[in-house]
Amino acid sequence: MNDEITAAVGHQLYSFDGRILEIFGNHPKRFHVRYLRLSVTGPDRQGRRTVEIDALGAHSTMNYTAAEWEQTPDLATLLEAVRTAIDANPNPWRG
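So, how was this worked out
Residues numbered from 1 in each chain as written. Predicted model: local features only at pLDDT ≥ 70, side-chain atom pairs only at ≥ 80, totals over all residues. Heavy atoms only, no water. Core = buried A, V, L, I, M, F, W, Y, C linked by side-chain atoms within 4.5 Å. Buried < 20%, exposed > 50% of the residue type's maximum accessible area, 1.4 Å probe, protein only. Helix = DSSP H or I, 4+ residues; strand = E, 2+ residues; numbered from the N terminus. Contact = heavy atoms within 4.5 Å. Phe/Tyr/Trp six-rings, centres within 6.5 Å; stacked < 30°, edge-to-face > 60°. Expected span 1.5 Å × (residues − 1). Arc of directions from axis to C-beta. Pairing = 2+ DSSP bridges. Axes fitted to C-alpha atoms, helices over the stretch in contact; angles between N-to-C directions.

Asker: Sorry if this is basic, but what is going on with the nonpolar core here?
Answerer: In a soluble, globular protein the nonpolar side chains are often hidden away together inside. Judged by nonpolar contacts, the single largest core of 22 residues is most densely connected at Tyr14, Leu21, Leu36 and Ile53. Put simply, the parts of the chain that give this core at least two residues each are β1 (5-9), β2 (12-16), β3 (20-24), β5 (36-41), β6 (49-55), β7 (58-64) and α2 (73-88). The dominant element in this core, judged by the number of residues it contributes, is α2, at six residues. Look past the residues within four positions of Leu21 in its chain and what remains in contact with it is Tyr14, Ser15, Phe16, Lys29, Arg30, Phe31, Leu36, Ile53, Leu78 and Val82.

Asker: Hey, could you run me through the packing of aromatic side chains in this one?
Answerer: By convention here, two paired aromatic rings are described through the distance between centres and the angle between planes. Going through the model one piece at a time under the given rule, you end up with one aromatic pair. Note on Tyr64 and Trp69: the rings are 6.5 Å apart at their centroids and 45° apart in plane angle, and the pair reads as tilted. This pair shows no difference in class: Tyr64 is buried, exactly as Trp69 is.

Asker: Help me understand α2 in this model?
Answerer: Working note: α-helix, 3.6 residues per turn, so residues spaced by three or four point in the same direction. Across its 16 residues, α2 extends 23 Å between first and last C-alpha, which sits within 8% of the 22 Å expected from 1.5 Å per residue. Within α2, the full set of buried residues consists of Leu75, Leu78, Leu79, Val82, Ala85 and Ile86. Axial view of α2: buried residues confined to an arc of 120°, hence all on one face. In α2, the exposed positions that point more than 90 degrees away from the buried face belong to Pro73, Asp87 and Ala88.

Asker: What am I meant to see in the sheet that holds β1 here?
Answerer: Two orientations exist for strands paired in a sheet by backbone hydrogen bonds: parallel and antiparallel. Ordered by their spatial adjacency, four strands build an open sheet running β1-β2-β3-β4, and the pairing between neighbours is antiparallel. Because the sheet does not close on itself, it has two edges, and the strands there are β1 and β4 (29-32). When strand polarity is set aside, the average angle formed by the axes of neighbouring strands in this sheet is 15°. As defined by bridge partners, β2 adjoins β3 across four bridges and the pair is classed as antiparallel. When the sheet's bridge partners are listed, Phe16 is paired in β3 with Leu21. Its contacts with the sheet put α2 on β1, β2 and β3, and the angle it makes with β1 is roughly 135°.

So this is what it looks like as structure tokens:
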């Protein structure tokens, strides 16, 4: 059984297996949910959204247009799964 969730947006591929969030693209990144903060803001007036990821020693910000967000409904599902996993793994580092 494969519990991995994936979403492709532009030149990035997101992959989440329940513990590790990986983002493949120009600069691949790997984050463990125990040491992760996730923020999704928007949509703004033009429908743009911003995904911010903070982890020990790393910060990533991705900006998506309304079209990119709408064409990739799997991304919202994946990010919600990440948020659920973060909430299930409390860590004092996250505050």
